[in-house]
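# Structural overview
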Amino acid sequence: MPELRLAPDPGPGFSPDPAGWVPAARRVPSPNFDARPAHMPVDLVVLHNISLPPGQFGSGDIEAFFQNRLDPARHPFFATICQVRVSAHFLVTREGEMVQFVSCLDRAWHAGQSEFLGRPRCNDFSIGIEIEGCDDLPFALAQYHTTAALVRALFAAYPVRAVAGHSDIAPGRKTDPGPHFDWTGFAAAAGLAPALLPYRKDLP
Ligand SMILES: [Zn+2]
């Protein structure tokens, strides 16, 4: 992995529009969302990994899953999850493409049972970004660049105070984004102060 450096200003295409949609993202609307609680500021970004089938990339099944059209006949694992109703705001593919499923203004269903600094139900106040990958393979450089640029734009648009991994807000239950995610490099690429990554004790 080459050293990650501060990504250039991502430009206006990464900034969410007034309705909460990012113009540079390919829009694939998911029905799996609802309203955030009233007067609930969006102050957390949660990073995940996902791959469908597990360990495989580029199948299009993640989009199908978030749109409730996963074909249970395609893979044995799919039969066990095809009734699950989940989503995330964003997916960053292996090629670094951005896909958006839910408006940032709405509550996507990505975190499940979770807690951040004593506050439960992280879906209420967070934006979820799925990075296509798994716990036992490195992520692609293009994914760091896109995710960092997106997170920079989200910090500019909303009162975000921190970035956490799913494993940080649901410890013992979730392991993503996993040991291969380079938090230090990501922080550098996104221009984030270490204090904004409260769980990364390894940062200087
Ligand atoms: Zn997750």
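Residues numbered from 1 in each chain as written. Predicted model: local features only at pLDDT ≥ 70, side-chain atom pairs only at ≥ 80, totals over all residues.

All right, on to the overall build of the chain then. Helix and strand counts for the chain stand at five helices and 10 strands. Relative to the globule expectation of 17 Å for 204 residues, the C-alpha radius of gyration of the chain, 16 Å, shows essentially globular dimensions. Dimensions of the chain, computed from the C-alpha atoms along their principal axes, are close to 45 × 40 × 35 Å. Here the analysis covers contacts within the chain between residues at least 6 apart in sequence; of these, 72% occur between residues at least 24 apart. (Helix = DSSP H or I, 4+ residues; strand = E, 2+ residues; numbered from the N terminus. Rg over C-alpha atoms; globule rule 2.2 N^0.38 Å. Contact = placed C-beta atoms within 7 Å.)

Quick look at the pairing of strand S9 (residues 126–132) now. The element S9 is extensively covered by neighbouring structure, given that seven of its seven residues are classed as buried. Burial along S9 is two-sided: the face carrying Ser126, Gly128, Glu130 and Glu132 and the face carrying Ile127, Ile129 and Ile131 are both buried. Pairing geometry for strand S3 (residues 44–50) and S9, over seven bridges, is parallel. When the bridges of S9 are listed, Leu47 appears paired with Ile129. (Buried ≥ 20, exposed ≤ 12 C-beta atoms within 10 Å, placed from the backbone. Pairing = 2+ DSSP bridges.)

Next up on the list: the sheet that holds strand S4 (residues 90–92). With mixed pairing, the six strands of this open sheet are ordered in space as S1-S5-S4-S9-S3-S10. Sheet topology places strand S1 (26–27) and strand S10 (162–165) at the edges, where each strand pairs with a single neighbour. Direction of pairing for S4 relative to strand S5 (residues 98–100): antiparallel, over a ladder of three bridges. Directly across from Val92, in S5, lies its bridge partner Met98. Seen against the sheet, helix H3 (residues 141–157) touches S3, S4, S5, S9 and S10 and runs at an angle of roughly 170° to S9. (Axes fitted to C-alpha atoms, helices over the stretch in contact; angles between N-to-C directions.)

In this structure, Leu44, Val45, Val46, Phe90, Ile129 and Leu150 are the most contacted members of the largest nonpolar core, which totals 52 residues. For this core, the secondary structure elements donating two or more residues are S3, helix H1 (61–66), S4, S5, S9, H3, S10 and helix H5 (183–190). The biggest single contributor to this core is H3, with seven residues. The contacts of Val45, once residues within four sequence positions are left out, are Ser126, Ile127, Ile129, Val151, Leu154, Val160 and Val163. (Core = buried A, V, L, I, M, F, W, Y, C linked by C-beta atoms within 7 Å.)

Of the residues in the chain, 93% have a pLDDT of 70 or more, and the chain-wide mean is 92. Between residues 200–204, whose pLDDT stays under 50, and residues either more than four places distant or in other chains, the model counts eight contacts. (pLDDT = per-residue confidence, 0-100.)

The sites that UniProt annotates as "domain: N-acetylmuramoyl-L-alanine amidase" (unreviewed entry) are residues 30–178. Helix makes up 22% of residues 30–178 and strand makes up 23%, while its end C-alpha atoms are separated by 25 Å. (UniProt positions renumbered as here; feature names shortened; annotations may be inferred.)

Attention now goes to H5. Burial in H5 covers these residues: Phe186, Ala187, Ala189 and Ala190. For H5, the angular spread of the buried residues around the axis is 165°, confining them to a single face. Check the buried side of H5 and you find it contacts H3. Positive backbone phi, at 70°, marks Gly191, one or two positions downstream of H5. (Arc of directions from axis to C-beta.)

By the secondary structure assignment, Ser59 is in the loop between S3 and H1. For Ser59, the residues in contact, after removing those within four places along its chain, are Leu52 and Pro53.

As a further point, take the environment of Phe14. Tracing the chain through its elements places Phe14 in the segment before S1. C-beta crowding within 10 Å serves as the criterion here: with 21 such atoms nearby, Phe14 is assigned to the buried category. On a C-alpha basis, the gap between Phe14 and Arg85 in space is 27 Å, while along the polypeptide they are 71 residues apart. Setting aside chain neighbours within four positions, we find Phe14 in contact with Val22, Ala24, Ala149, Leu150 and Ala153.

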